[in-house]
Amino acid sequence: MKSQAWGKSPLRALAASLALACGLLIGGMAHAGETAYTVRPTDLKSRYYTDAQTLRSLPTNTRVEILGRRGGWNHIKVEGKTGWVKMLSLRLGQAPQGRGDNGFSTLFNVAATGGTGSTSTTGVRGLSEEKLNNPHPNPQQLAKMHTLEVSKAQAERFAQAGHLKPEHMDYLPAPAK
Amino acid sequence: MKTRIAIPLAIATATLLCACALPAAAFDFGNLDDIKGALKKVEKVGQQVKTATGDIPQSKEIEMGGGIASNLLGAAPLVNNAAVQKYVNDVGRWLAMQTERPDLPWQFGVLDDDDVNAFAAPGGYVFITKGLLMHMHNEAELAGVLAHEISHVLRKHHLKAIKKGARTELMVEFLSEATKDKGSNANLVKLANAGTQLYARGLDKEDEFEADRMGVVIAARAGYDPYGLPAVLQTLETLNPKDSKLALMFKTHPALQDRLNLLSQEMGGGRFDRFQDQPDLTARFDSVMGIK
């Protein structure tokens, strides 16, 4: 596959290079190097477990820097200290209040909008509402899609190659309202 | 709801009664076989009406999904890259095997479009746009999004919405027809078009929330880091919300904040701790996508 076919998002390039520069190789690299803020009061834990020691409680809108991720936990840096918080207690970007402006955040914003900046729509683009409301079938492409179908045996080999092991878990109930 | 069922049933019954009245009158004595036949027909139409409002046979679901998939491909063709398409099919098929409908003819496609979006159509068709794929960081994120779409198929969310919107007669006629040359089936075309228009309006909010909470479980079952889907939602939150490439997805889905808040509740309580060390397969994803 040609690398130029997909390129690399500036966001990812930045996150990866920052994380590598800092020598941070813990857990997943996605979102590493990004700034985030807490959306609810959140415990800062010493490890990535629910019953790990609580270092302190972070109030809502605390700005943190993401160092990495392990499952549902983000390894973060906050006010010079590191620890773990629940990934879903964080939102990426600057907190709505008190947007800070260290050099990093400016760089981040530039990078974040650089590749995906707003573009005005002229004419009818691909998956526009207009095209969906006035559809035209493409049987040739559908036939092509049929040829891409993967068998169960193929999918199993693919999973084994990635060391993916099936697990059991029931679906989650809808939360009480 | 009652009248929508009752009217076509009444029409069908009246038609059949007329039809059987003619041959019966042609004989001096009523023909018992004719009456039996008519009763069978009434029973059959009754069954079809029931089907139109209840379960649709899987063969018809797949046929309708094919019509919708063809329309979506008419709006945006497949990315012309066999390696990427194969990869997405491998991930998707493996996920689908961990569900209650492992034997549907599951097919996955990357649409050549910069819009950030993903779609599912009845019968096992799942699409993701190139625009969304390019915002992903690893295979677990791809798996999370595909598992969300797979869940729409499992719970027949689109099918239910189409049935709700379509005229009952149309559905009855479609279901009573034997599967033949798909292109020339007028009722299929009408239903597929109605089904395609649904993607401009979106599904019920609750259906989206359900697909989120099923998607994370399916990803976990398949051995992936189950936080791939929420990670993608977090990424999307960082994009410029005024970007036209996000407009349709934002219009047709609940707010990202609401989806993330619900997932936070649902995935809480240490329920997913045991999947902590499941892989996200960043290296494999990067190598297929050509990211060094």
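Predicted, not measured: the structure shown is a model, and the values here were computed from it.

Enquirer: Can you break down the environment of A:Tyr49 residue by residue, with the values?
Expert: By the secondary structure assignment, A:Tyr49 is in the loop between β2 (42-45) and β3 (54-58). Here the alpha-carbon distance between A:Tyr49 and A:Trp73, two residues 24 residues apart in the chain, equals 8.1 Å.

Enquirer: Summarise the confidence of the model for chain B; cite the residues concerned and give the values.
Expert: All names here are of chain B. For chain B, per-residue confidence averages 86 on the pLDDT scale, and residues scoring 70 or more make up 82% of the total. Predicted confidence is poor over residues 1-28, with pLDDT under 50, and the contacts of this stretch with residues over four places away or in other chains come to 24 contacts. For this predicted complex, the interface score ipTM comes out at 0.82, alongside a pTM of 0.79.

Enquirer: So, the nonpolar core: which residues are in play, and what are the values?
Expert: Within the largest apolar cluster, 107 residues are counted, with the highest numbers of intra-cluster contacts made by B:Leu95, B:Ile128, B:Ala143, B:Leu146, B:Ile150 and B:Ala219. Here this core takes nine residues from helix α6 (residues 139-154) of chain B, the largest share from any one element. When we break this core down by domain, the ones giving at least three residues each are domain 1 (2-26 + 138-170) and domain 2 (35-131) of chain A. Filtering out sequence-adjacent residues up to four positions away, B:Ile128 remains in contact with B:Val88, B:Val110, B:Ala118, B:Leu133, B:Val145 and B:Leu146.

Enquirer: Tell me what's going on with unusual backbone geometry, and back it up with residues and numbers.
Expert: Notably, A:Glu79 is not glycine yet its phi reads approximately 45 degrees, a positive angle. Topologically, A:Glu79 is positioned in the loop between β5 (73-78) and β6 (81-86). Residue class for A:Glu79 comes out exposed when judged on the 9 C-beta atoms lying within 10 Å of it. Of note in the backbone geometry, B:Lys156 takes a positive phi value of approximately 55 degrees without being a glycine. Within the fold, B:Lys156 resides in the loop between α6 and α7 (157-165). By the C-beta count within 10 Å, which is 18 here, B:Lys156 ends up partly exposed.

Enquirer: Can you lay out the confidence of the model for chain A for me, pointing to particular residues and giving the numbers?
Expert: Residues and elements named next belong to chain A. A residue-level look at chain A finds 66% of positions with pLDDT of 70 or above and a mean pLDDT of 76. The spread of mean pLDDT over the elements of chain A runs between helix α2 (residues 103-114), the lowest at 32, and helix α5 (residues 152-161), the highest at 98. Here residues 1-8 is a poorly scored stretch, pLDDT under 50, and it has 15 contacts once near neighbours within four places are set aside; other chains count. Predicted confidence for residues 97-123 stays below pLDDT 50, and this span has 32 contacts to residues more than four positions away or in other chains.

Enquirer: Lay out the interface of chain A and chain B with the relevant residues and their values.
Expert: Facing the 67 residues of chain A at the interface are 80 residues of chain B. Those elements that provide at least two residues to the side of chain A that touches chain B are β7 (90-92), α2, α3 (129-133), α4 (139-147) and α5 of chain A. For the side of chain A that touches chain B, the element with the most residues is α4(A), which contributes six residues. Along the lines of polarity and charge, the residues of the side of chain A that touches chain B split into 29 nonpolar, 26 polar and 12 charged.

Enquirer: Requested: an account of the sheet that holds strand β3 (residues 125-129) of chain B, with residues and values cited.
Expert: Residues and elements named next belong to chain B. If you trace the three strands from one edge of the open sheet to the other, you get β1-β3-β2, paired in mixed fashion. Each of the sheet's edge strands pairs with one partner strand only, and the pair in question is β1 (107-111) and β2 (118-121). With strand direction ignored, the average angle separating the axes of adjacent strands in the sheet is 15 degrees. In the sheet, β1 pairs with β3 via five bridges, with the strands oriented parallel.

Enquirer: Can you tell me about the packing of α6(B) against helix α10 (residues 205-221) of chain B, naming the residues and giving the values?
Expert: All names here are of chain B. Contact geometry for α6 and α10: axes closest at 7 Å, N-to-C directions at 130 degrees. Looking at the two axes, α6 sits oblique to α10. Our pair here, α6 against α10, has a crossing hand that is right-handed. Each of Ala140, Ala143, Gly144, Ala147, His148, Ile150, Ser151 and His152 in α6 lies in contact with α10, whose residues at this interface are Asp207, Glu210, Ala211, Asp212, Met214, Gly215, Val216, Ile218 and Ala219. A per-class count over the contact of α6 with α10 returns nine nonpolar, five polar and three charged.

The rules we used
- Residues numbered from 1 in each chain as written.
- Chains lettered and ligands numbered in written order.
- Predicted model: local features only at pLDDT ≥ 70, side-chain atom pairs only at ≥ 80, totals over all residues.
- Helix = DSSP H or I, 4+ residues; strand = E, 2+ residues; numbered from the N terminus.
- pLDDT = per-residue confidence, 0-100.
- Contact = placed C-beta atoms within 7 Å.
- Core = buried A, V, L, I, M, F, W, Y, C linked by C-beta atoms within 7 Å.
- Buried ≥ 20, exposed ≤ 12 C-beta atoms within 10 Å, placed from the backbone.
- Domains from an automatic or database assignment.
- Nonpolar A, V, L, I, M, F, W, Y, C, P; charged D, E, K, R; others polar.
- Pairing = 2+ DSSP bridges.
- Axes fitted to C-alpha atoms, helices over the stretch in contact; angles between N-to-C directions.
- Parallel < 35°, antiparallel > 145°, perpendicular 65-115°, else oblique.
- Left-handed = near helix turned anticlockwise from the far one by under 90°.

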